[in-house]
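So the chains spell out like this:
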Amino acid sequence: MDNFNQALNALKSGEVIAYPTEGVFGVGCDPDNADAIKKLLALKQRPVEKGLILIAANYEQLLPYIDESQLTPQQLEKIHQSWPGPVTWIMPCSDKVSHWVCGQFDSIAVRVTDHPLVQKMCNAFGKPLTSTSANLTGRPSCMTTAEVKHQLGDRLVAILEGETGGREKPSEIRDAKTSQVLRKG
C-alpha cells in the first residue's frame, strides 16, 4: 500500500496523521470524530479550549461547519479572494461543530489550502481535516518528514510524506468580521 492510502485509511479509522501544509507540517484527524480529536489533543499536549483549524480542499467542504448568515457579502468576498492560500479565517461556526473543534469559542478557524497533497487528501476523505502544527506544544514546528518522525513519530499511525509549500511560517489568521490580523503569516 502506498503512503497516501496508508494515511487515508488511518484517517478513516479515527487516527491522527501528519501531513505537509503551505508552511509547516500539520497534524490532523476527522473533525467529526471526538475520539480522534481527543487523540490529537493528547498527542500535541494541547488544551481543548484553544480550538483547532479546519483545512479543506475547497469552500464547499467548509460550509457544514460555518454559519454564513452571520457574515455580510462583503466579508465573504474578502475571504474568497484570499483562497486557496495560506490565510486562515475565524468565522462563526454552525451548530454541527463540537466543542472538541471550536474549543471555548463560538467561531471556527478555517482555511482552503493551496497545497496539492492536502487538497488531494481532503478530496479523497470527502471533508476537511483538523489542522494544527506538527510539534509538541512549546517545541518548534516541524518542517520535514524527518523532523515529524523525530518529535512525534512513535505516536503517529501515518505521516503523509511530501514537501511543505516553502513558506517559513504557519498560516496568517484573520477575523472574518473585522479583517483584523490575529497572527501574522
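Residues numbered from 1 in each chain as written. Predicted model: local features only at pLDDT ≥ 70, side-chain atom pairs only at ≥ 80, totals over all residues. Heavy atoms only, no water.

Trainee: Can you explain the overall build of the protein chain? Please cite residues and give values.
Mentor: Along its length, the protein chain carries seven helices and nine strands. Relative to its length of 185 residues, the protein chain is compact, with a C-alpha radius of gyration of 15 Å against a globular reference of 16 Å. Along the first, second and third principal axes, the C-alpha atoms of the protein chain reach 45 × 30 × 30 Å. A separation threshold of at least 6 residues defines the contact pool for the protein chain, and within that pool the share at least 24 residues apart is 67%. Just so you have it, the protein chain exposes about 8500 Å², and 49% of that area is on carbon and sulfur atoms. One finds the centroid of the 20 positive side-chain charges in the protein chain at a distance of 4 Å from the centroid of its 21 negative side-chain charges. (Helix = DSSP H or I, 4+ residues; strand = E, 2+ residues; numbered from the N terminus. Rg over C-alpha atoms; globule rule 2.2 N^0.38 Å. Contact = heavy atoms within 4.5 Å. Areas by Shrake-Rupley, 256 points an atom, 1.4 Å probe, with all protein chains shown as cover. Lys, Arg positive; Asp, Glu negative; His and termini not counted. Charge placed at Lys NZ, Arg CZ, Asp CG, Glu CD.)

Trainee: Now, about helix α2 (residues 34–44): what can you tell me, with residues and values included?
Mentor: Residues lying three or four places apart along an α-helix face the same way, a consequence of the helix completing one turn every 3.6 residues. When α2 is considered as a whole, its buried residues turn out to be A36, I37, L40, L41, L43 and K44. Projected down its long axis, α2 carries its buried residues within an arc of 160 degrees, all on one side. Opposite the packed face of α2, turned more than 90 degrees from it, sit the exposed residues D35 and A42. Elements that come into contact with the buried residues of α2 comprise β2 (25–28), α5 (99–102), β6 (129–133) and α7 (145–152). Its side-chain oxygen at 3.0 Å from the backbone nitrogen of D35, N33 defines the N-terminal cap of α2. Taken from the residues just after α2, Q45 is the one with a positive phi, measuring 55 degrees. (Buried < 20%, exposed > 50% of the residue type's maximum accessible area, 1.4 Å probe, protein only. Arc of directions from axis to C-beta. Polar contact = N/O pair within 3.5 Å; in protein donor to acceptor, adjacent residues only side chain to side chain.)

Trainee: Describe the pairing of strand β8 (residues 172–175), naming the residues involved and giving the relevant values.
Mentor: Direction of pairing for strand β4 (residues 87–92) relative to β8: parallel, over a ladder of four bridges. Residue pairing across strands places W89 opposite R174, the latter belonging to β8. Note that β8 and strand β9 (residues 181–183) share two bridges and pair antiparallel. Across the sheet, residue R174 finds its bridge partner in β9, namely V181. From the end of β8 to the start of β9, which pair antiparallel, there are five residues, and S179 there has a positive phi angle of about 65 degrees. (Pairing = 2+ DSSP bridges.)

Trainee: Could you give an account of the nonpolar core, naming the residues involved and the relevant values?
Mentor: Ranked by size, the top nonpolar core spans 39 residues in total, and within it V27, W83, M91, I108, V110, V148 and L156 carry the most contacts. Per-element tally for this core: the top contributor is α2, with five residues. Sequence-distant contacts of V148, defined by excluding residues within four places in its chain, comprise A18, F25, A134, C142, G153, L156 and I159. By size, the runner-up hydrophobic cluster in this structure holds 17 residues, among which are A7, M121, C122 and F125. (Core = buried A, V, L, I, M, F, W, Y, C linked by side-chain atoms within 4.5 Å.)

That is the geometry; function is a separate question.
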